[in-house]
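Reading the structure
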Amino acid sequence: MKCKINRNAAKVLKEMLVTEEAEGKMIRVAIDYMHGDHAHYKIVLDTATEHDEIVHTEKGIDVLLDSREEFLDGVWIQYFYVPQEEFIITNPSKSPHVHNH
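Residues numbered from 1 in each chain as written. Predicted model: local features only at pLDDT ≥ 70, side-chain atom pairs only at ≥ 80, totals over all residues. Heavy atoms only, no water.

It is worth spelling out the sheet that holds strand β5 (residues 62–66) at this point. Ordered by their spatial adjacency, four strands build an open sheet running β3-β2-β5-β4, and the pairing between neighbours is mixed. Each edge of the open sheet carries a strand with a single partner, namely β3 (38–46) and β4 (52–56). With direction set aside, neighbouring strand axes in the sheet form an average angle of 30°. Sheet analysis places strand β2 (residues 26–35) next to β5, joined by two bridges and oriented parallel. When the sheet's bridge partners are listed, R28 is paired in β5 with L64. (Pairing = 2+ DSSP bridges. Helix = DSSP H or I, 4+ residues; strand = E, 2+ residues; numbered from the N terminus. Axes fitted to C-alpha atoms, helices over the stretch in contact; angles between N-to-C directions.)

The strand order across the open sheet formed by three strands is β1-β6-β7, and the pairing between neighbours is mixed. Lying at the two open borders of the sheet, with one neighbouring strand each, are β1 (3–5) and β7 (86–90). Put simply, the sheet's adjacent strands are angled 15° from each other on average, direction ignored. Two strands pair when backbone bridges link them, and strand β6 (residues 75–80) and β7 are joined in this way by five bridges, in the antiparallel orientation. Its bridge partner lying in β7, Y79 is registered against F87. Sheet strands in contact with helix α1 (residues 7–17) are β1, β6 and β7, and its direction is about 85° off that of β6. (Contact = heavy atoms within 4.5 Å.)

Dropping the structure here:
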């Protein structure tokens, strides 16, 4: 499975990983809900399960993806500071839609 992260997202995710609540956990991209031909995603702190693949990104952050969910393969995690601070998670290989999170 594949996952890309932009530089801003890597910075914010690294900050999330050094908090107390993150101790022993990893970043997971999960499907928040699906409709039509695409999914909406969210980021949570979690531990690996038997169905997870640990994806090593080019930014040095490992991301958990549930290998049973085809819509997670190829997700792109971006973080923007303007017009507001937010993660935008898309899957260019599955849908042309862009959704803010």
